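The chain contents come next:
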Amino acid sequence: MEAEETVRVSFTVNGRPAEVDVAPRVTLSDALRDHLSLTGTHIGCEHGVCGMCTVIVDGDAARACLLLACQLEGAEIMTVEGLGTPDDLHPLQDSFSRHHALQCGFCTPGMLMSAYELLDHEPGVPKEELPEKMSGVLCRCTGYRHIMDAVSDVAEQHPEGAPAPRNCGTAQLLPRTTAGGPGSTAEEDLQHRAPAEITLPSSEPTVTVGVEEHIRATPEEIWEVLQDTDRVARCLPGAELIEDFGEDRYLGRIRVALGPVKLSFIGDIHVTERSEENRSIRALAQAEDAAGGSVQAGVALSAQPHEGGSLLSADADLFMVGKIAQMGRSLAGDVSADMFAQFTRALDATARGEEPTDTQAPSSVAMFTRLMSTRAKALVGRLRRR
């Protein structure tokens, strides 16, 4: 399948039918969190070791980070949200509260689901066996004693087995991705709808990028390219325009590859301002990838006269969610700055009538080499200034 293709998966979560359209690589933990907004399932090591992401699949405890969502067609899944609500706690949740069986709370959903499955499969389990039976979920701050007390208390009060869940079949699931069926692509779905209104979050950006480069093309030559959104898009590595909605609104796609992580974002672009006087444009963009990640951006480009050519400035505020945001601010900033630097070189070549060479999706090796070179030059510059 292509990177942007998705498959529709139907299963039952907490007693309610649910459908998600996901790429085959998407794990159950990401599908629950990013597509069904069930963020009670926490993600820790993502290697099946810590047990933070434990859920119940067809009656048995399972690591949600080790299961692919597409494996679970027709499965019955219960997450910590299904146990109870703040107004109607499950006995396990109530016992954890009374025994203070949590501190930071990050492992608590995994502990609760593991304890539920244990009491369901082994009613009346003796307290002295709990340390071994509950060892599949790791905790870094409680010392476990209060957790064992909480589980033992429920085992003693309910010798017949785990009490039934209190919140299954009562909450409507609202998938965030609703388009397409098996084998469909996000591109096909997006092409059959009106352009979306783009509003950037009011929170601090994940990454802020500012790039200035002296290029040979004149501001007048740069402006000629900036007036043509399709030519501008062809200068950005891995990017392309898919559809022109009119009124400076477009559907676009950009591919990013960092080693084994290959992402393809499809979404809306709105050029909000073009100023011939300042040789500048401003644009808003928002896009999603098939794994549930998203990027929103506010971008400004301008070209000013400088030493016989132009000083090209590119500034962007990027708001990221999903795997691309998990790279960390430093790496995400480096990658974004590198892509903008490639863009300025391609724009310079295009404005001067040459064929740009950096318009393909960047490879991880080439990007790593450029980043190391840039950091080395910056270090040398700092040492010289001293």
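Residues numbered from 1 in each chain as written. Predicted model: local features only at pLDDT ≥ 70, side-chain atom pairs only at ≥ 80, totals over all residues. Heavy atoms only, no water.

## What about the pattern of salt bridges?
For side chains bearing opposite charge, pairing can occur when the charged atoms are close.
Then, in step 1: By the definition in use, this model includes 16 salt bridges.
Then, in step 2: With its nearest N and O atoms 3.3 Å apart, the salt bridge here joins K133 to E122. With K133 in helix α4 (residues 130-133) and E122 in the loop between α3 (108-121) and α4, the pair connects residues that are 11 residues apart, well separated along the chain.
Then, in step 3: Salt-bridge contacts for D248 lead to R274; the nearest nitrogen and oxygen are separated by 2.8 Å. Of the two residues, D248 sits in the loop between β7 (239-246) and β8 (249-258) while R274 sits in strand β9 (residues 261-275), which places them 26 residues apart along the sequence.
Then, in step 4: Given a relative accessible area of 27%, R274 falls into the partly exposed group.
Then, in step 5: Shared partners join several salt bridges into a network, and the residues in it are R8, E19 and D21. (Salt bridge = Lys/Arg side-chain N within 4 Å of Asp/Glu carboxyl O. Helix = DSSP H or I, 4+ residues; strand = E, 2+ residues; numbered from the N terminus. Buried < 20%, exposed > 50% of the residue type's maximum accessible area, 1.4 Å probe, protein only.)

## Things to note about the packing of helix α2 (residues 91-98) against α3
Then, in step 1: It is the contact of α2 with α3, at a shortest axis distance of 10 Å, that shows an interaxial angle of 125°. Overall, the two elements α2 and α3 adopt an arrangement that is oblique. With respect to the hand of their crossing, α2 and α3 are arranged in right-handed fashion. Contacts between α2 and α3 pair L92, Q93 and F96 from the former with T108, M111, L112, A115, Y116 and L119 from the latter.
Then, in step 2: Of the residues that constitute the contact of α2 with α3, the class distribution is 7 nonpolar, 2 polar and no charged. (Axes fitted to C-alpha atoms, helices over the stretch in contact; angles between N-to-C directions. Parallel < 35°, antiparallel > 145°, perpendicular 65-115°, else oblique. Left-handed = near helix turned anticlockwise from the far one by under 90°. Contact = heavy atoms within 4.5 Å. Nonpolar A, V, L, I, M, F, W, Y, C, P; charged D, E, K, R; others polar.)

## Examining the sheet that holds strand β1 (residues 7-13)
What holds strands together in a sheet is hydrogen bonding between their backbones, with the strands either parallel or antiparallel.
Then, in step 1: Pairing in this open sheet of 5 strands is mixed, and the strands run β2-β1-β5-β3-β4 from one edge to the other. Looking at which strands have only one partner, the edges of the open sheet turn out to be β2 (16-22) and β4 (60-63). The average angle at which neighbouring strand axes cross in this sheet is 40°, direction not considered. (Pairing = 2+ DSSP bridges.)

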